[in-house]
Amino acid sequence: MEILVLREHLWRFGFSARLLKTNHFRTAASNTSFPAVWMLLAQYPGRIPGSFAKVQRNSFFTMPETVEDKADPELYSPPPRVRGMTQLDREAFKRTIVVPVLKVQKEIIGSLLKPLKHTLLQRPGLKRVIEDPDDENSRLVMLDPHKIPEFSLGGSEQEVLKQFNIPPVVSKYDLELTYESFKLEEILRAVLPEGQEVTSGFSRVGHIAHLNLRDHQLPYRYLIGQVIIDKNPGVTSVVNKTSIIDSTYRNFEMEVLAGESNLVTKVKENNTTYELDFSKVYWNPRLSTEHGRIVELLKPGDVLFDVFAGVGPFAIPAAKKKCRVFANDLNPESYTWLLHNCKLNKVGDKIKAFNMDGRDFLLGPVREELSKGLLLQTEEQKPSFHIVMNLPALALEFLAAFRHLLAGAARGAALPTVHCYAFSKHPEPALDVWQRAEASLGASLRACCSVHAVRNVAPNKEMMCLSFQLPADVLYGRPCPKPACKRQRTSKDSSEETLPS
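Residues numbered from 1 in each chain as written. Predicted model: local features only at pLDDT ≥ 70, side-chain atom pairs only at ≥ 80, totals over all residues. Heavy atoms only, no water.

**Quick look at the overall build of the chain**
Threshold: The way it works is that DSSP assigns letters per residue, a run of H or I at least four long becomes a helix, a run of E at least two long becomes a strand, and they are numbered from the N terminus. A simple rule labels every residue: compare its accessible area, found with a 1.4 Å probe on the protein chains alone, to the largest value its type can have, and call it buried under 20%, exposed over 50%, or partly exposed in between. The contact criterion used is simple: two residues touch if any of their non-hydrogen atoms lie within 4.5 Å.
Across its full length, the chain holds 14 helices and 18 strands. For the chain, buried positions account for 49% of its 501 residues. For the chain, restricting intrachain contacts to residue pairs at least 6 apart in sequence, the fraction spanning at least 24 positions comes to 68%.

**Side note on helix α7 (residues 221-231)**
Buried within α7 we find L223, I224, G225, V227, I228, I229 and K231. Looking at the buried side of α7, the elements it contacts are α6 (184-191), β7 (208-211), β8 (237-241) and β9 (254-259).

**So, the environment of L161**
Its place among the elements puts L161 in helix α5 (residues 155-163). Judged by relative accessible area, which is 0%, L161 ranks as buried. With 57 residues separating them in the primary sequence, L161 and V104 have C-alpha atoms 9.7 Å apart. Residue contacts for L161: discarding those within four places in its chain leaves L102, L112, L116, L153, I166, P167 and P168.

**Here's the deal with the nonpolar core**
Rules: In this description, a nonpolar core means a group of buried Ala, Val, Leu, Ile, Met, Phe, Trp, Tyr and Cys residues linked to one another through side-chain atoms lying within 4.5 Å.
I387, M389, L399 and F402 are the most contacted members of the largest nonpolar core, which has 46 residues in total. Take this core: its biggest share by element is 6 residues, from helix α13 (residues 429-441). Excluding residues that lie within four positions of it along the chain, M389 makes contacts with V307, F308, L362, A395, F398, L399, F402, V418, H419, C420 and Y421.

**Side note on the packing of α6 against α7**
What counts, and what does not: Lines fitted to the C-alpha atoms define the axes, with helices restricted to the stretch that makes contact. Angles between their N-to-C directions range from 0 to 180 degrees. Here the word oblique covers every angle except those under 35 degrees (roughly parallel), over 145 (roughly antiparallel) and from 65 to 115 (roughly perpendicular). Note on convention: the crossing is left-handed when the near helix lies turned anticlockwise from the far helix by less than a right angle, right-handed when the turn is clockwise. Each residue gets one of three labels, nonpolar for Ala, Val, Leu, Ile, Met, Phe, Trp, Tyr, Cys and Pro, charged for Asp, Glu, Lys and Arg, and polar for the others, Gly among them.
Closest axis-to-axis distance for the α6/α7 pair is 10 Å, and the angle between their directions is 160°. The orientation of α6 with respect to α7, classified from their angle, is roughly antiparallel. Viewed along their axes, α6 and α7 form a crossing whose handedness is right-handed. Residues L184, I187, L188 and V191 of α6 form the contact with α7, whose own contacting residues are L223, I224, V227, I228 and K231. For the contact of α6 with α7, the per-class residue count stands at 8 nonpolar, no polar and 1 charged.

**With respect to the UniProt feature "binding site: S-adenosyl-L-methionine" (unreviewed entry) in the chain**
Applied cut-off: UniProt positions are given in the numbering used here, feature names are shortened, and annotations may be inferred rather than shown by experiment. Here a polar contact is taken to be a pair of N or O atoms separated by no more than 3.5 Å, where protein atoms must pair a possible hydrogen donor with a possible acceptor and residues adjacent in sequence count only if both atoms sit in side chains.
Residues annotated by UniProt as "binding site: S-adenosyl-L-methionine" (unreviewed entry) correspond here to H291, D329, L330, D357, G358 and N390. Along the chain, the position of D329 falls in the loop between β13 (324-328) and α10 (332-344). D329 gets classed as buried once you look at its relative accessible area, which sits at 6%. Of the residues examined, D357 reaches a relative accessible area of 26% and is grouped as partly exposed. With residues up to four places along the chain from it excluded, the contact list for D357 reads N328, L330 and F398. Polar contacts involving the side chain of D357 include one to the main-chain amide nitrogen of R359, which spans 2.9 Å.

**Points about α10**
Rules: Here, expected helix span is obtained from the residue count minus one, scaled by 1.5 Å. To be clear, the arc concerns the directions from the helix axis to the C-beta atoms.
In this model α10 runs 18 Å from its N-terminal to its C-terminal C-alpha over 13 residues, within 8% of the 18 Å that 1.5 Å per residue would give. If you check which residues of α10 are buried, you get S334, W337, L338, N341 and C342. The buried residues of α10 occupy one face: seen down the axis, they fall within an arc of 145°. Those residues of α10 that are buried lie in contact with β10 (264-269), β11 (272-277), α9 (315-320), β13 and β14 (351-354). The backbone nitrogen of E333 lies 2.9 Å from a side-chain oxygen of the residue at the head of α10, namely N331.

**Here we look at the packing of aromatic side chains**
Threshold: Between the rings of Phe, Tyr and Trp (Trp by its six-membered ring), a pair exists once the centres lie within 6.5 Å; its type follows the angle of the planes, with under 30 degrees stacked, over 60 edge-to-face, and the other angles tilted.
Applying the stated criterion across every chain yields a total of 6 aromatic pairs. On the numbers, 5.5 Å between centres and 70° between planes, the contact of F93 with Y179 is edge-to-face. In this pair, F93 is assigned in the loop between α3 (67-71) and β2 (95-105) and Y179 in the loop between β5 (171-177) and α6, connecting sequence segments 86 residues apart. In this pair, the class of F93 matches that of Y179, namely buried.

**Topic: the pattern of salt bridges**
The following threshold applies: A pair is scored as a salt bridge if a Lys or Arg side-chain nitrogen falls within 4 Å of a carboxyl oxygen belonging to Asp or Glu.
On inspection of all chains with the given rule, the structure shows 13 salt bridges. In this structure, K103 engages D132 in a salt bridge whose closest nitrogen and oxygen atoms are separated by 3.5 Å. Taken as a pair, K103 in strand β2 and D132 in the loop between β3 (129-131) and β4 (138-142) lie far apart in primary sequence, 29 residues in all. A residue is classified by how much of its surface remains accessible, and D132, at 9% relative accessible area, is buried.

**Observations regarding unusual backbone geometry**
With a phi close to 55°, F151 is a non-glycine residue in the positive phi region. Within the secondary structure, F151 is located in the loop between β4 and α5. Of note in this structure, N271 is not a glycine but carries a positive phi near 65°. Positionally, N271 belongs in the loop between β10 and β11. For N271, a relative accessible area of 66% gives the class exposed.

Below, the structure is given as structure tokens:
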């Protein structure tokens, strides 16, 4: 019965039965005016709002714990004496542990390892077979101390050895662990104060590892930087952010913790190569999926206006897709690297770049191109117009520039689609971003927008992307009532939030 009611409501809003079968895990849709519905419906049970949110998260992984870590976290831990170390002393990490071994003739090693694979030492970086110091014709096979806790083989292992005529005798071997034997997390967990959060995850930007260290980790920052270089091949520089992002140029001050000071690097994202100076421009590898999602919405011949283009992660892939692109960034360094990357990817003839304030870009080149392009559309050729505004700290404020942008111009057959990014600390970020956008536009976005959760930026802080077709009343300046953007009730006011009507 509930499904039938849901279908009836969706039909009233113009959604076809085909949409009801849409898989909400897809990252792209052919038309942003028809977003997936199920996730926002889950947020607001019992109600059918006028717009819907598609929620999908991008994950950032650190190295997972292995089975042996959970079984005995102390077995492969560095010695207690390294606790509190601030200057890396690799020699201090040496320790000896006792592991079970089998003495085996070297001729049959290859045949024996496969049937014993579940019993062998499972520690990455440590050899499973070593020379026997007492017999050059034999080898010592390392066994997993977690699988042989009493240095006594089980029935299945004894049966394997019997087939090879090997005595089921397990010996003890003193295995020396060194700095090279330990993983990044194990080293930092042993060094930092007990009970404190350990940072093992970082953003990789070419040869650069980018950290956001907490205050309690700062005394250990140089050690952390060097360990990251040691444990991650290809990383030759580690930096830590020392200030918040500058909302004007979207870059931040950083300190080089270890390695080289050269921060000009090369990255590859979605089969496109970029070069940039990480200390002077904005680049976030966690946005790779989001860049790809937006570009996937575009078709050859479409027009993209990138208001805050950076070094080109939206603009260049769109140009490679044979779209016409107008890309702008206020930061002179970003503009320079944008031009460089256009040449690098051989799309310079498809991208027109600007170094302007975002509002000036909207009121100038965007208005000029829209006034011409929307009128030139024909039945045979209907390119879509997309406007990307990826400045989440301020982009919602820039929406006011669309008010009466084409006032007095002849009305075209189509309307541009806007993809506006924003941060939200509200308990219901999708609703928060939606209402703030309506307030900035001075118009309702009911039934013509979708909200996509991009990523969790910090505890209780979400980055969202609001996609909507720009209302004609806003774009052409026709009279329209202001939206009923009611104040959202909190849990203290009511158990139910008020949606815009």
